[in-house]
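# Topology and contacts: notes
Chain by chain, the residues run as shown.
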Amino acid sequence: MATIKKLAFVVRSLPYKTEASRLAFTHAIASQTVEIYLEDGENIEPVLCFIGNGVMNCLKNQQAMKHYGITSNEQHMKNSLLLDLKVMICKEDLDKFGIKEDALIMDAEDIGGETKAQIVPYSEIQKELEAVDHIQLF
Amino acid sequence: MKLGVFMSSFESGSDVLDRLTAEKLGIILVGNGVYHAAVKDSGKESPIFKKSANFYVLAEDLESRGFNASNVDSRAKVVNYGDVVDLIFNDYEKIIWI
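Residues numbered from 1 in each chain as written. Chains lettered and ligands numbered in written order. Predicted model: local features only at pLDDT ≥ 70, side-chain atom pairs only at ≥ 80, totals over all residues.

### Overview of the overall build of chain B
Spelled out, the test is: Per the convention used, a helix needs a DSSP run of H or I reaching at least four residues, while a strand needs a run of E reaching at least two, with both numbered from the N terminus. As defined in this context, the radius of gyration uses C-alpha atoms, and a globule is described by 2.2 Å times the residue total to the power 0.38. Burial in this document is a count-based property: other C-beta atoms within 10 Å of a residue's C-beta are tallied, and the residue is buried at 20 or more, exposed at 12 or fewer, or partly exposed in between, with C-beta positions derived from the backbone. By definition, residue pairs are in contact when their C-beta atoms, positioned from the backbone, come within 7 Å.
Looking only at helices and strands, chain B features 4 helices and 5 strands. Reading the helices (α) and strands (β) of chain B from amino to carboxyl end gives β-α-β-α-β-α-β-α-β. Over its C-alpha trace chain B gives a radius of gyration of 12 Å, about what one expects of a compact globule, namely 13 Å for 98 residues. For chain B, the C-alpha atoms occupy an extent of roughly 35 × 30 × 20 Å along the three principal directions. The buried share among the 98 residues of chain B stands at 37%. Relative to all contacts within chain B whose residues are 6 or more apart in sequence, the contacts with residues 24 or more apart total 59%.

### Re the sheet that holds strand 4 (residues 118-120) of chain A
Across a sheet, strands are paired by hydrogen bonds formed along the backbone, either parallel or antiparallel in direction. All names here are of chain A. Definition in use: Only strands that DSSP links by at least two bridges are regarded as paired with each other. Here, axes are lines fitted to C-alpha atoms. For helices the fit covers the stretch in contact, and angles between N-to-C directions go from 0 to 180 degrees.
Taken together, the 5 strands give an open sheet; going across it, the order is 4-3-2-1-5, and neighbouring strands pair in parallel fashion. In this open sheet, the two strands that pair with only one neighbour each are strand 4 and strand 5 (134-137). The average undirected angle you get between the axes of adjacent strands in this sheet is 25°. Judged from the 4 bridges that link them, strand 1 (residues 3-11) and strand 5 form a sheet pairing that is parallel. Of the residues in strand 5, the one forming a bridge with F9 is Q136. Lying over the sheet, helix 5 (residues 122-131) contacts strand 1, strand 2 (42-50), strand 3 (86-90), strand 4 and strand 5, oriented at roughly 135° with respect to strand 3.

### Some remarks on the sheet that holds strand 1 (residues 2-7) of chain B
Residues and elements named next belong to chain B. Read from one edge of the open sheet, 5 strands run 4-3-2-1-5, paired in parallel fashion. Each edge of the open sheet is held by one strand with a lone partner, namely strand 4 (76-79) and strand 5 (94-97). The mean angle between the axes of side-by-side strands here comes to 25°, regardless of whether they run parallel or antiparallel. Contacts from helix 4 (residues 81-91) reach strand 1, strand 2 (24-29), strand 3 (54-58), strand 4 and strand 5, with the element oriented near 160° to strand 2.

What follows is the structure, encoded as structure tokens:
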């Protein structure tokens, strides 16, 4: 019987001043590469959740490469979607900051991704947190 | 005194900022401090704008986070690194970082 471990990577940190939110992306993406360490039938299913200040990581047009010489969290977000990671963005926190959907990275179509990010009420994120095996807060 | 205050956090810094007085006060928003000028939390402007000060926002940090000058509160002037160096050397005698 297949055993799926669900992991939630919850991002509440602002981007760039610290590595925290970037680590959430890279850990979530890396969780897709651990298959070689797993037994047959085992798998990992990550979900990325953005709450509080963390929703700022989801803004479009981040020019971190231009100014800091580093890959932007925008690119990490797109890579996450390209790998079909489930991405949930808290609606209440977007509303709190007055951020509209058109300001957000909702897909990775430009690099061939098919999965879209979801804007959901916090109650949906809460359900996801209850369903996972492990929660990591960044 | 002429005091320049760098703010690199989205926290209000009110424990220090509320008490500061200066003949000329400049608040320079860098790093995550740019959010004070670029977003309204729960529809409210950042409390830092209650201070009587000249406000500046570093363009590089603004743009890295997905914003541009059109997102910035009109009381804040968007400046680049060169402008910040000029502010430090020409406009403010003392500089602190909160």
